[in-house]
Amino acid sequence: MFALVDVNNMYVSCERVFRPALHGKPVVVLSNNDGACIARSNEAKDLGVRMAQPWFEVRHLERTAGLIALSANFELYGDMSSRMMSLAAGFAPRQEIYSIDECFLDFDGVPGDRTAIGRELRRKVLQWTGLPTSVGFGPTKTLAKLANHVAKTADRWPDSYAQMPALSPGSTHSLAQVCDFGRLSPGEVEAAMAATDVGAVWGIGRKTSARLNDGGIRTVLDLVRADLPTLRRQFSVVVEKTVRELRGTPCLEVNDAPEANQQIMCSRSFGVPVTELPDLVEVVSQFTSQVARRAREQGSVAGAVHVFISTSPYRQGDRQHAPSATLPLPQPSADTRVLISAAVRALRCIYKPGFNYAKAGAMLVELQAQAPGLKPGQARQATLDLFEPDAEPEEPQRGRTGQRTDLMSALDALNERFGRQTVAVASAARRATGAAEVARAGETARPSAHASRQQRRSPRYTTRLAEIARARA
Ligand SMILES: [Mg+2]
């Protein structure tokens, strides 16, 4: 039996934990550069704000309907996510983190009343983190997802399943917040499926759902009763697998050890165009620090660094330029300094003055697993490179490579404890300009030229000491 735990309206819920006044109000969270709505509270959904709708299209609702828009605060959401995930992990032997706000738990062999366990999980996450969740149980992952959808829908619209003869008036289960398909009779599960749109099924996208509708398949129950060979012919084996899962045959397992990423990238569009090389060096160094940390986290070393910068095709008056370069490393590494030095060299090769750069990115490629016994940041193999001024030959016992590894571990530990960028390689550190001080406490330096246009971002309450929430008594 699988459980799917999902935070309701994750980003908005994270904001509400620290700003309770946002409860009950229509709230949206905007993407980088405040371009589009990427999360909506139920009240904002009720106003008709669509997912990914451009902000300028709904901006008028600020005046007319009290819509509140916030800039994305991914540092806060990521931190809240790990708190929620570690609490959920305590309820079952295996957990697969599926997205920032969703995880599967494998309940096989877990004794006790599942609905009670689901309610306890929900209560604990709510009390310890302030995040509201929904929990769905099902014999397959697709059914657990569907049960979660039912739990959420029944909570939001209490009447949505009440009219179904199979569930009322005899049924004693409440489907809201926690829904366990394992406790419903086959008739009740069918009734829930008949009341749910086929587009709500995990893996059935908007296009497939439109084509299914054309063929007369409108509800989940229609899909479950459809002819498998016909579906495979008209759609794909993926749709066929989905139907098998809906019928109760597991085709997907809990994947608690995802494959290490084959490449790790960090890229961003700038709020304001960047023209000068020093600014780009700073950005690319910061991006490279991030990808280096992620490589160390997953125990990988990179064989090469790829860097790109580009102007914006949307700024029509601008001359366009979008160069990139890949620089192989003399030996695979996850050392931030080695990777930044390579990335900056690549950047200097491709940079041309006179362009309005709108985006930059750094990517680690040719990733490979760290050789066993080596610590993160330590090279798998020492290749003496005569042309590499910083090359450090590996020594049999504890040599400079060991010290370098310890340094990277210390850097990660410091940044983990005191917040990102507490310690950084100098070229990645934000340069204080001394000019305009930002009013918000804790921001001592002017935000860099490339900082995204996040004018409505809330403080990073849980990861920056200077931005911690204040209580007045
Ligand atoms: Mg969610």
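Residues numbered from 1 in each chain as written. Predicted model: local features only at pLDDT ≥ 70, side-chain atom pairs only at ≥ 80, totals over all residues.

1. Observations concerning the overall build of the chain
As a reminder, the rule being used: Strands here mean DSSP runs of E at least two residues long; helices mean DSSP runs of H or I at least four residues long; both are numbered from the N terminus. Three exposure classes are used. Buried residues have 20 or more other C-beta atoms within 10 Å of their own C-beta, exposed residues have 12 or fewer, and partly exposed residues fall in between, all C-beta atoms being placed from the backbone.
Counting its regular elements, the chain contains 15 helices and 13 strands. Looking at the chain as a whole, 35% of its 473 residues qualify as buried.

2. Considering the packing of helix H13 (residues 277–297) against helix H14 (residues 336–350)
The condition is simple: Orientation is described by lines fitted to C-alpha atoms, with helices fitted over the stretch in contact, and by angles between N-to-C directions that extend from 0 to 180 degrees. Just so you know how the angles are binned, under 35 degrees is roughly parallel, over 145 roughly antiparallel, 65 to 115 roughly perpendicular, and the rest oblique. Here is the rule for handedness: rotate from the far helix to the near one, and if that takes an anticlockwise turn smaller than a right angle the crossing is left-handed, while a clockwise turn gives right-handed. Contact criterion: two residues are in contact if their C-beta atoms, reconstructed from the backbone, are within 7 Å. Side-chain classes are defined by residue name, with Ala, Val, Leu, Ile, Met, Phe, Trp, Tyr, Cys and Pro counting as nonpolar, Asp, Glu, Lys and Arg as charged, and the others, Gly among them, as polar.
With their axes 9 Å apart at the nearest point, H13 and H14 run at an angle of 140° to one another. If you check the angle between H13 and H14, you find them oblique. You can see that H13 and H14 cross each other, and the crossing is right-handed. Residues Leu-280, Val-281, Val-284, Ser-285, Thr-288, Ser-289 and Ala-292 of H13 form the contact with H14, whose participating residues are Thr-336, Leu-339, Ile-340, Ala-343, Val-344 and Leu-347. The residue inventory of the contact of H13 with H14, partitioned by class, reads 9 nonpolar, 4 polar and no charged.

3. Observations regarding the confidence of the model for the chain
To keep things clear, this is the line we draw: Summary of the metric used: pLDDT quantifies the predictor's per-residue confidence within the range 0 to 100.
In this model, the chain carries an average pLDDT of 83, and 84% of its residues clear a pLDDT of 70 or more. Here residues 374–385 scores under 50 on pLDDT; set against residues more than four positions off or in separate chains, the count is 38 contacts. Between residues 388–399, whose pLDDT stays under 50, and residues either more than four places distant or in other chains, the model counts 13 contacts.

4. Some points on unusual backbone geometry
The phi dihedral of Asn-9 falls on the positive side, at around 40°, and the residue is not glycine. Tracing the backbone shows Asn-9 in the loop between strand S1 (2–7) and helix H1 (10–18). Owing to 23 C-beta atoms within 10 Å, Asn-9 belongs among the buried residues under this scheme. Phi at Ala-52 takes a positive value of approximately 65°, unusual for a residue other than glycine. Take Ala-52: it is sitting in the loop between helix H2 (42–46) and helix H3 (55–58).

5. Section: the sheet that holds strand S6 (residues 102–106)
Each strand in a sheet pairs with its neighbour through backbone hydrogen bonds, running either in the same direction (parallel) or in the opposite one (antiparallel). Let me state the cut-off plainly: What makes two strands pair is DSSP finding at least two bridges between them.
The 5 strands are arranged S5-S6-S1-S7-S8 in an open sheet whose pairing can be described as mixed. The outermost strands of the open sheet, each flanked by one partner alone, are strand S5 (94–99) and strand S8 (178–180). Across the sheet, the mean angle separating the axes of adjacent strands is 15° when strand polarity is ignored. As paired elements, S1 and S6 share 5 bridges and run antiparallel to each other. Across the sheet, the residue bridging to Asp-6 is Glu-102, located in S6.

6. Quick look at the environment of His-149
Turning to its location among the elements, His-149 is positioned in helix H7 (residues 141–156). His-149 sits in the buried class, given 22 other C-beta atoms within 10 Å. Separated by 27 residues in sequence, His-149 and Ala-176 have C-alpha atoms that sit 9.8 Å apart.

7. Considerations on the nonpolar core
What counts is decided by this rule: A set of buried residues qualifies as a nonpolar core if it consists of Ala, Val, Leu, Ile, Met, Phe, Trp, Tyr and Cys joined through C-beta atoms within 7 Å. Domain delimitation in this document rests on an assignment produced automatically or drawn from a domain database.
With 68 residues, the main nonpolar core has Ala-3, Val-28 and Ala-147 as its most contacted residues. For this core, the element with the highest residue contribution is H7, accounting for 7 residues. Looking at this core, you find at least three residues from each of domain 1 (1–195) and domain 2 (197–258). Setting aside anything within four residues of it in sequence, one finds Ala-3 in contact with Ala-92, Phe-104, Leu-105, Phe-107, Gly-118, Val-135, Gly-136, Phe-137 and Ala-144. The next biggest cluster of nonpolar side chains, apart from the first, holds 35 residues, and it includes Phe-287, Val-291, Ala-302 and Ala-342.

8. A look at the environment of Ser-458
If you trace the backbone, Ser-458 turns up in the segment after helix H15 (400–418). Among the residues examined, Ser-458 registers 19 C-beta atoms within 10 Å and is labelled partly exposed. Note: C-alpha distance between Ser-458 and Leu-70 (388 residues apart in sequence) is 7.3 Å.

9. What about the sheet that holds strand S4 (residues 68–71)?
Here 3 strands make up an open sheet; going across it, the order is S3-S2-S4 and the pairing mixed. The sheet terminates laterally at strand S3 (37–40) and S4, the two strands that pair on one side only. With direction set aside, neighbouring strand axes in the sheet form an average angle of 30°. Across 4 bridges, strand S2 (residues 27–30) lies against S4 in parallel orientation. Residue Val-27 lies in a different strand from S4, and its bridge partner there is Ile-68.

10. Focus: the packing of H1 against helix H5 (residues 74–89)
It is the contact of H1 with H5, at a shortest axis distance of 10 Å, that shows an interaxial angle of 90°. Accordingly, the angle class assigned to the pair H1 and H5 is roughly perpendicular. Across the interface between the two elements, Met-10, Tyr-11 and Cys-14 of H1 pack against Leu-76, Tyr-77 and Met-80 of H5. In terms of residue class, the contact of H1 with H5 is made up of 6 nonpolar, no polar and no charged.

11. A word on the pairing of strand S10 (residues 300–311)
Of the pairings in the sheet, the one linking S10 to strand S13 (residues 368–369) comprises 2 bridges and is antiparallel in character. The partner of Ser-300 across the bridge, within S13, is Ala-369. Of the strand pairs in this sheet, S10 and strand S12 (residues 357–365) are connected by 8 bridges, and their pairing is antiparallel. Its bridge partner being in S12, Val-307 is matched across the sheet by Ala-362.

12. Topic: the environment of Ser-209
By the element assignment, Ser-209 lies in helix H9 (residues 206–214). Taking the C-alpha atoms as reference points, Ser-209 and Gly-199, separated by 10 residues in sequence, lie 5.3 Å from one another. Excluding its chain neighbours within four sequence positions, the residues that come into contact with Ser-209 are Val-198, Gly-199 and Ile-204.

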